[in-house]
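Each chain is listed here by its residues.
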Amino acid sequence: MTARATEAARALRTEICRDEETFGRLTAEWTALYGRCSSATPFQSHAWLHSWWLSYGRPGALRVVLVRREGGGLVAAAPLMRARGPLPALTQLGGTITDFTDVLLDDGCPEAAAALARGIARAARGAVIDLREVRPGAASEQVFARWRGPRRRLPDSLCLELPAVPMEGLLERIPSGKAQRVRAKLRKLDALGIDARVVSGDEVPAALDRLLKLHQLQWRDRGVTAEHTSDRFAQHLTRAVRPMVERGDAMVTEFRLGGDVVAADLTLMSPRLAGGYLYGADPALRARKVDVAAMLLRHGAGETSAGGRATLSMLRGTEAYKHHWRPETVGNQRLMLTGRGTAPLLWLRAGAADARRWAARQARERAWVGRALGRLPGRTPRGGGG
């Protein structure tokens, strides 16, 4: 950084918000900053983060770092909290239900990243800053680049992404025979008369209630994610998604057959990216051989491409059905930062993360070998009666 840039960065002032009511009152200026941060995803919207805190936050843990110009204008923000655990750490708001976490930096204020790094260091007070699920190109990378103490970059979850083009463009990505089968399934959808309708803001609470019920019905006896059945998750979604829909940061779509809602989908959107976050479908659709994934993708692709976005993300997870569309695999990152006096804490935390990744990889490899051996001629699969 040049001397002039350093001086400009020092002219900015930082503050730490520890109170959820004060955090709640930041809506207008946070939303304005969100609009000036081109790398932001819907998970950095104030509606999502503040609602998440109300459902999942712990008293006394909030540490939202804010950077302002001398006149008071907000140019950077890092939504952080003190984490539980034996090693002191600051993590980002959003938890495991959030696919991408990040800080916000005003694109027109290049000195904000250095000022935010200093503010985060002050907020940490001897803790490790552990930034999970950071998307490539995120604003957090600018803070990481300007960090003056020990730091570590680790891999995190994998995401699958498609270009934001209409369905015909997606069909061109797959073999012609498979594309013809998908077109036949889509014609069947049209023949059945399933129609899609995007709900308005005041309809969101009832639509989300229907979506969650369909989601539980869809996964009944197949291991639904426990958190998706909790009251706090439902309250968070209802509280967050309505203002997001009204601002254009989310879209709730219901699919009807004969007047009944048979499927519902929640897609989160920013100017550059849209991501299918959660859906629910009546199991009766499977009995009618309806390809629910193709139905949702056709609608999502149409809406996303019409909005001028570049990316249609399938968010975290590499499930087999997603690979049918030949998506690009994009790896999230885990960025760890600390001061020089607390470097041993960083190495301990990073080492524990490396060990967990190694153990998970070994478990996946053992499972693959077990499946392969179970397919060998003359071998009785495990659990097969002896």
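Residues numbered from 1 in each chain as written. Predicted model: local features only at pLDDT ≥ 70, side-chain atom pairs only at ≥ 80, totals over all residues. Heavy atoms only, no water.

- Within an unreviewed UniProt entry, the label attached to the chain reads GNAT family N-acetyltransferase, and the organism entered is Streptomyces exfoliatus.

## What to know about the overall build of the chain
Line of reasoning, step 1. Counting secondary structure elements, the chain contains 14 helices and 13 strands.
Line of reasoning, step 2. Taking the principal axes of the C-alpha coordinates as reference, the chain spans close to 65 × 55 × 40 Å.
Line of reasoning, step 3. The proportion of buried residues among the 386 residues of the chain is 48%.
Line of reasoning, step 4. The contacts in the chain between residues at least 6 apart in sequence include a share of 75% that link residues at least 24 apart.
Line of reasoning, step 5. Just so you have it, the chain exposes about 18,400 Å², and 52% of that area is on carbon and sulfur atoms.
Line of reasoning, step 6. Computed over 60 positive and 39 negative side-chain charges, the separation of the two mean positions in the chain equals 7 Å. (Helix = DSSP H or I, 4+ residues; strand = E, 2+ residues; numbered from the N terminus. Buried < 20%, exposed > 50% of the residue type's maximum accessible area, 1.4 Å probe, protein only. Contact = heavy atoms within 4.5 Å. Areas by Shrake-Rupley, 256 points an atom, 1.4 Å probe, with all protein chains shown as cover. Lys, Arg positive; Asp, Glu negative; His and termini not counted. Charge placed at Lys NZ, Arg CZ, Asp CG, Glu CD.)

## Focus: the pattern of salt bridges
Line of reasoning, step 1. In the structure shown here, the tally under the stated rule is 22 salt bridges.
Line of reasoning, step 2. The partner of E15 in a salt bridge is R13, with the nearest N and O atoms 3.1 Å apart.
Line of reasoning, step 3. The partly exposed category is assigned to E15, whose relative accessible area is 27%.
Line of reasoning, step 4. Among the ionic contacts, a cluster of salt bridges with common partners joins R13, E15, E29 and R68. (Salt bridge = Lys/Arg side-chain N within 4 Å of Asp/Glu carboxyl O.)

## Observations concerning the nonpolar core
Line of reasoning, step 1. Membership of the largest hydrophobic core comes to 79 residues, with the highest contact counts inside it found for F23, W48, L116, L237 and Y277.
Line of reasoning, step 2. Sorting elements by how many residues they give to this core places helix α5 (residues 112-124) first, with eight residues.
Line of reasoning, step 3. Those residues in contact with Y277 that lie beyond four places of it in its chain are F43, W48, I97, D99, F233, L237, L266, T267, L268 and L315. (Core = buried A, V, L, I, M, F, W, Y, C linked by side-chain atoms within 4.5 Å.)

## Brief notes about helix α10 (residues 231-247)
Residues spaced three or four apart along an α-helix face the same direction, because each turn holds 3.6 residues.
Line of reasoning, step 1. Relative to the 24 Å expected for 17 residues at 1.5 Å per residue, α10 spans 25 Å between its end C-alpha atoms, a close match to the ideal helical length.
Line of reasoning, step 2. Among all positions of α10, only F233, H236, L237, A240, V241, M244 and V245 are buried.
Line of reasoning, step 3. With its phi angle positive at about 85 degrees, G248 sits one or two positions after the end of α10. (Expected span 1.5 Å × (residues − 1).)

## Quick word on the UniProt feature "domain: BioF2-like acetyltransferase" (unreviewed entry) in the chain
Line of reasoning, step 1. According to UniProt, the "domain: BioF2-like acetyltransferase" (unreviewed entry) feature falls on residues 179-323.
Line of reasoning, step 2. Secondary structure within residues 179-323 divides into 48% helix and 26% strand; the distance between the first and last C-alpha atoms comes to 14 Å. (UniProt positions renumbered as here; feature names shortened; annotations may be inferred.)

## Topic: the environment of G57
Line of reasoning, step 1. The topology assignment puts G57 in the loop between α4 (46-56) and β2 (62-68).
Line of reasoning, step 2. The sequence separation of G57 and V224 amounts to 167 residues, and the corresponding C-alpha distance is 24 Å.

## Re the pairing of strand β3 (residues 74-82)
Line of reasoning, step 1. A large share of β3 lies buried, amounting to eight of its nine residues.
Line of reasoning, step 2. When β2 meets β3, the two strands line up antiparallel, connected through seven bridges. What sits directly across from V67, in β3, is A76.
Line of reasoning, step 3. Here β2 folds back onto β3, and the loop between the two strands holds five residues, one of which, G72, carries a positive phi near 105 degrees. (Pairing = 2+ DSSP bridges.)

## Some thoughts on the state of the cysteines
Line of reasoning, step 1. Inspection of the entire model under this criterion finds zero disulfides.
Line of reasoning, step 2. Summary of cysteine pairing: C159 is not part of a disulfide, and the nearest cysteine sulfur, belonging to C37, is at 18 Å.
Line of reasoning, step 3. What makes C159 buried here is its relative accessible area of 0%. (Disulfide = S-S within 2.5 Å.)

## Notes on the pairing of strand β11 (residues 273-281)
Line of reasoning, step 1. Of all the nine residues making up β11, seven are buried; the element is thus mostly covered by neighbouring parts of the structure.
Line of reasoning, step 2. Note that strand β10 (residues 260-269) and β11 share seven bridges and pair antiparallel. Paired with D265 across the two strands is Y279, which belongs to β11.
Line of reasoning, step 3. Counting the residues that bridge the hairpin from β10 to β11 gives three residues.
Line of reasoning, step 4. Summarising the sheet, β11 and strand β12 (residues 311-316) pair through three bridges and their orientation is parallel.

## Observations regarding the packing of helix α8 (residues 176-192) against helix α12 (residues 292-306)
Packed helices, taken two at a time, are described by the angle their axes make and the gap between the axes.
Line of reasoning, step 1. At a minimum axis distance of 10 Å, the contact between α8 and α12 shows a crossing angle of 85 degrees. Relative to α12, the element α8 lies roughly perpendicular. Residues V182, L186, L189 and D190 of α8 touch α12, and the partners they reach there are A294, M295 and R298.
Line of reasoning, step 2. Considering only residue class, the contact of α8 with α12 consists of five nonpolar, no polar and two charged. (Axes fitted to C-alpha atoms, helices over the stretch in contact; angles between N-to-C directions. Parallel < 35°, antiparallel > 145°, perpendicular 65-115°, else oblique. Nonpolar A, V, L, I, M, F, W, Y, C, P; charged D, E, K, R; others polar.)

## Here we look at α12
Line of reasoning, step 1. With 15 residues, α12 should reach 21 Å at 1.5 Å per residue; the first-to-last C-alpha distance of 21 Å fits that figure.
Line of reasoning, step 2. Buried within α12 are the following residues: V292, A294, M295, L296, L297, H299, G300, A301 and T304.
Line of reasoning, step 3. Backbone nitrogen of A293 and a side-chain oxygen of the N-cap are separated by 3.3 Å at the start of α12; the cap is D291.
Line of reasoning, step 4. Backbone geometry just after α12 places G308 at a positive phi near 80 degrees. (Polar contact = N/O pair within 3.5 Å; in protein donor to acceptor, adjacent residues only side chain to side chain.)

## Quick look at the side chain of D249
Line of reasoning, step 1. Mapped onto the fold, D249 is located in the loop between α10 and β9 (250-257).
Line of reasoning, step 2. For D249, a relative accessible area of 6% gives the class buried.
Line of reasoning, step 3. If we skip the residues at most four places from it in the chain, D249 touches Y34, P42, S45, M244, L268 and M269.

## Quick look at the environment of S38
Line of reasoning, step 1. Along the chain, S38 turns up in the loop between α3 (27-35) and α4.
Line of reasoning, step 2. Overall, S38 belongs to the partly exposed group, its relative accessible area being 32%.
Line of reasoning, step 3. Put simply, S38 and P271 are 233 residues apart on the chain and 7.9 Å apart in space, counted from C-alpha to C-alpha.
Line of reasoning, step 4. The contact partners of S38, leaving out residues within four places of it in the chain, are D107 and R272.

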